[in-house]
Amino acid sequence: MKAVTWQGRRHVAVTDEPDPRLEEPTDAIVRITSTAICGSDLHLYELFGPFLDRGDILGHESMGIVEAVGRDVVTLRPGDRVVVPFNIACGRCFMCRRGLQSQCETTQNDQYGTGASLFGYTKLYGQVPGGQAELLRVPLADENTIPVGTDLPDERYLFLSDILPTAWQAVEYTGLDEPSTLVVLGLGPVGQLAARIGVQRGHRVIGIDPVPERRAMAVRHGVEAWEGDDDVSRVIAHTQGRGADAVIDAVGLEAHGSPFAHAAHAVTAALPDALARPVMENTGVDRLAALHASVDMVRRGGTISISGVYVGDSDVMPMKTMFDKQLTLRMGQCNVKRWIDDLRPYAEADDDPLGLDDLVTHRAGLAEAPDLYEKFQKKDDGCIKVVLQPT
């Protein structure tokens, strides 16, 4: 089969790989019809080389048609159309029963002290081959598929794999239960959807991003979109001097405006893997401009919801300010299956209330993946969301 594989920093390639096979009686094989490049894939493209091997198959936003199932699979049969959540979870353990599939005790990665395994996402999360490929082996397939109908196009369902529930969880974690002011930092795909969900819930949503095309897309969906100059002062000035009721940080570890951490990332990336791994695990630092801005622009007693990925264990945070302002922070990998019943009606609604038909800017076959990774990272050509169609 053809697959998108990691070959080195800022270097992915489409290569011939062995077709996956059923390895356990609970497995399924899915022929991928659509798979997306996620913003978090760009962290692998840029930073996570020490935890990748050349030839690792990337991708964790996928859907397709079931081709084969193991003898113990009971809810699927060949021909079913399914979305594949990016979490790999058992559905039965202590964590899964509490809706914390991203912390599944069956697939946790004890060697690295990390949570549930993920498709296509480094040794830290199981080094499981990902879905930017023609075929995907799905472990524990009864739990790790979402059967969907056949009438709607892939792009109405594909984002149930990650970015739509990630955005929903980000808004849920703000705890806003009445019309409020919500700031979304970063208007990439997750930020776009979080902002739209906020608008649907009746909030005043301010989205902040330096990229004009992202701001223009957000405006089409009822969001106040700002460029980000002096954004803390501006938010406070537009909220009666208090600050936003909640802030969603949808940017994460590669935020602009953190020059020292940016330099540290560059140095770490240049180290041999054997040296870089312990540095990243034990003394890693993130670019914290977005998170620090969140602390400054949220009101006292407000909430910061973090959906952007952070990996540093030596990050410096303004604890005095956070304590004094009595802030609540909620964060973490999305628990995809927890939110599917809430989200399916939005995906299937005739009026497309979240504008899922207005998110993808670039569509291509697998062969174009290397160029589109580069374009997505550089934000060239108005690139906001990429969908690859292997078949």
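What you are looking at is a predicted structure, and each value in this text was computed from that prediction instead of being measured.

**What about the packing of aromatic side chains?**
Given two aromatic rings, their pairing is described by the distance between the two centres and the angle made by the two planes.
And then number 1: One pass over the full model with this rule turns up five aromatic pairs.
And then number 2: Considering the side-chain rings of Tyr 121 and Tyr 125, the 6.4 Å spacing of their centres and the 55° angle between planes classify their relative orientation as tilted. Here Tyr 121 and Tyr 125 have matching classes, each one buried.
And then number 3: Taken together, Phe 48, Tyr 121 and Tyr 125 form an aromatic cluster joined through their ring pairs.
And then number 4: Directly above the ring of Tyr 173 sits Arg 330, whose terminal nitrogen or CZ lies 3.8 Å from the centroid.

**Let's talk about the UniProt feature "domain: Alcohol dehydrogenase-like N-terminal" (unreviewed entry) in the chain**
And then number 1: As recorded in UniProt, the sites labelled "domain: Alcohol dehydrogenase-like N-terminal" (unreviewed entry) are residues 25-140.
And then number 2: End-to-end, the C-alpha atoms of residues 25-140 are 9 Å apart, and along that stretch the chain is 9% helix and 22% strand.

**With respect to the pairing of strand E13 (residues 328-331)**
And then number 1: Bridging between strand E12 (residues 298-306) and E13 involves four bridges; their strand directions are parallel. If you follow Ile 306 over to E13, its bridge partner there is Met 331.
And then number 2: A crossover connection joins E12 to the parallel E13 through helix H11 (residues 319-324); in handedness this β-α-β unit is right-handed.

**Comments concerning helix H12 (residues 336-348)**
And then number 1: Compared with an ideal rise of 1.5 Å per residue, which puts 13 residues at 18 Å, H12 spans 17 Å between its outermost C-alpha atoms and is within 8% of the ideal.
And then number 2: At Asp 342, H12 shows its largest kink, close to 55°, and the proline Pro 345 lies no more than four residues downstream.
And then number 3: Buried positions along H12 lie against strand E7 (146-147), helix H3 (154-157) and helix H4 (163-172).

**Focus on the pattern of salt bridges**
Any two side chains of opposite charge can pair if their charged atoms end up close together.
And then number 1: In total, this model carries 22 salt bridges according to the counting rule given.
And then number 2: Its salt-bridge partner being Lys 337, residue Glu 143 comes within 3.8 Å of it at the nearest N-O pair. Of the two residues, Glu 143 sits in the loop between strand E6 (135-138) and E7 while Lys 337 sits in helix H12, which places them 194 residues apart along the sequence.
And then number 3: By relative accessible area, Lys 337 is classed as partly exposed at 26%.
And then number 4: Note that Glu 155 is salt-bridged to Arg 363, the shortest N-O span being 2.7 Å. One end of the pair, Glu 155, is in helix H3; the other, Arg 363, is in strand E14 (residues 362-364), with 208 residues separating them in the sequence.
And then number 5: Among the ionic contacts, a cluster of salt bridges with common partners joins Arg 9, Arg 10 and Glu 46.

Quick notes on the rules
- Residues numbered from 1 in each chain as written.
- Predicted model: local features only at pLDDT ≥ 70, side-chain atom pairs only at ≥ 80, totals over all residues.
- Heavy atoms only, no water.
- Phe/Tyr/Trp six-rings, centres within 6.5 Å; stacked < 30°, edge-to-face > 60°.
- Buried < 20%, exposed > 50% of the residue type's maximum accessible area, 1.4 Å probe, protein only.
- Lys NZ or Arg CZ within 6 Å of the ring centre and 35° of its normal.
- UniProt positions renumbered as here; feature names shortened; annotations may be inferred.
- Helix = DSSP H or I, 4+ residues; strand = E, 2+ residues; numbered from the N terminus.
- Pairing = 2+ DSSP bridges.
- Right-handed = clockwise from strand over helix to strand, strands pointing away.
- Expected span 1.5 Å × (residues − 1).
- Bend = angle between axes of the 7 residues up to and from the residue.
- Contact = heavy atoms within 4.5 Å.
- Salt bridge = Lys/Arg side-chain N within 4 Å of Asp/Glu carboxyl O.

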